[in-house]
Amino acid sequence: MLRAAVLQAGSIAWDSPATLEKLRRYALDAAGRGVELLVFPEALIGGYPKGLDFGARVGSRTAEGRAQFRRYAEGALTSFDEIGAIAREAQLWMTGGVIERDGGTLYCTVTYHGPDGALKGKHRKVMPTAMERLIWGFGDGSTLKAVETPWGKMAAAICWENYMPQLRLSIYSQNAVLYCAPTVDERETWLPSMRHIAVEGRCFVLSAVQYTEAGEWGAINGGSVIVNPMGEVIAGPLRGQEGLLIADIDPGQTLEGKFDLDVVGHYARPDLFPATTLEE
């Protein structure tokens, strides 16, 4: 059995150190409640600047917008050591969203840390949505590999990556037991999407959504949820407040689900449809 939690919380605008401390407090709280795996939202560290346009128009950028981007970039992480230190202090597996800076480019990234604090892997969002493309670079397929955990493989699809069928299939093809979906999508359509993915992939879906009140970066109302491989909601959805959702899950239920549906196995029909896999 695994006791897992998703964190619904928001960034502190323009203040990554304070947001890291906030994450630390929640991680220690979760650990004190017996949690072994904590999933936190997209772009929690570094922030999701909802509503900002960075002074961009087709064919032009403003000096004020460049200065705003500089401020945002200065809050991005160039190393993940502080998240690793939190995971080590809390003795947790931790997966969640950060804004990463590599050279002069920002990426919307998910990191995977073990309870020893070691970075087990990372995934850069391959397809920023709409205006996100202005501020974030595009990740590549090399970061789509699942990581090994004591409960089976774990992978993450960030926000609207979950609407990319081929990307989902690449996760299923790695036999992921734990499918993490960090996001800022608060729409009512998000919950049925998470239930669909759990049924389709016969995996546990852990979706952590930001929650922020109206402010400089706009409001986000949450909607975090944990779903089992039969599509049943076992925690959440949580709306209108910060907090932890906790569920005890049996990883073996993924095999029970694949008894009658394995979309990369007996239900795949590779004679009709080419397989989508990742090279080792």
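Coordinates for the structure precede this section.
Here we look at empty space enclosed by the protein
For the coordinates displayed, the defined rule picks out two cavities of 30 Å³ or more. Its volume calculated, the largest cavity comes out at about 50 Å³. Taken together, Ser11, Ile12, Trp14, Asp15, Ser16, Thr19, Gly46, Gly47, Arg71, Tyr72, Gly75 and Trp217 make up the lining of the largest cavity. Partitioning the lining of the largest cavity into residue classes produces four nonpolar, six polar and two charged. Estimates place the volume of the second largest cavity at around 40 Å³. Tyr172, Glu200, Gly201, Arg202, Lys258, Leu261, Asp262, Val263 and Val264 are the residues that line the second largest cavity. Taken together, the residues of the lining of the second largest cavity break down into four nonpolar, one polar and four charged.

Observations regarding the sheet that holds strand 6 (residues 105-113)
Here six strands make up an open sheet; going across it, the order is 7-6-5-2-1-15 and the pairing mixed. Looking at strand neighbours, the two that pair on one side only are strand 7 (119-124) and strand 15 (243-249), the edges of this open sheet. On average, each strand axis in the sheet is tilted by 30° relative to the strand beside it, whichever way the strands run. Two elements, strand 1 (residues 2-8) and strand 2 (residues 37-39), share three bridges in a ladder whose sense is parallel. Within strand 2, the position partnered with Ala4 by the bridge is Leu37. Helix 1 (residues 16-32) rests against strand 1, strand 2, strand 5 (93-102) and strand 15 of the sheet, and its axis sits at about 35° to strand 15.

So, how was this worked out
Residues numbered from 1 in each chain as written. Predicted model: local features only at pLDDT ≥ 70, side-chain atom pairs only at ≥ 80, totals over all residues. Heavy atoms only, no water. 1 Å grid on protein atoms, 1.4 Å probe; cavity = no way out; pocket = protein on both sides within 12 Å on 5 of 7 lines; lining within 4 Å. Points joined across faces, edges and corners; volume = space filled by probe spheres on them. Nonpolar A, V, L, I, M, F, W, Y, C, P; charged D, E, K, R; others polar. Pairing = 2+ DSSP bridges. Helix = DSSP H or I, 4+ residues; strand = E, 2+ residues; numbered from the N terminus. Axes fitted to C-alpha atoms, helices over the stretch in contact; angles between N-to-C directions. Contact = heavy atoms within 4.5 Å.

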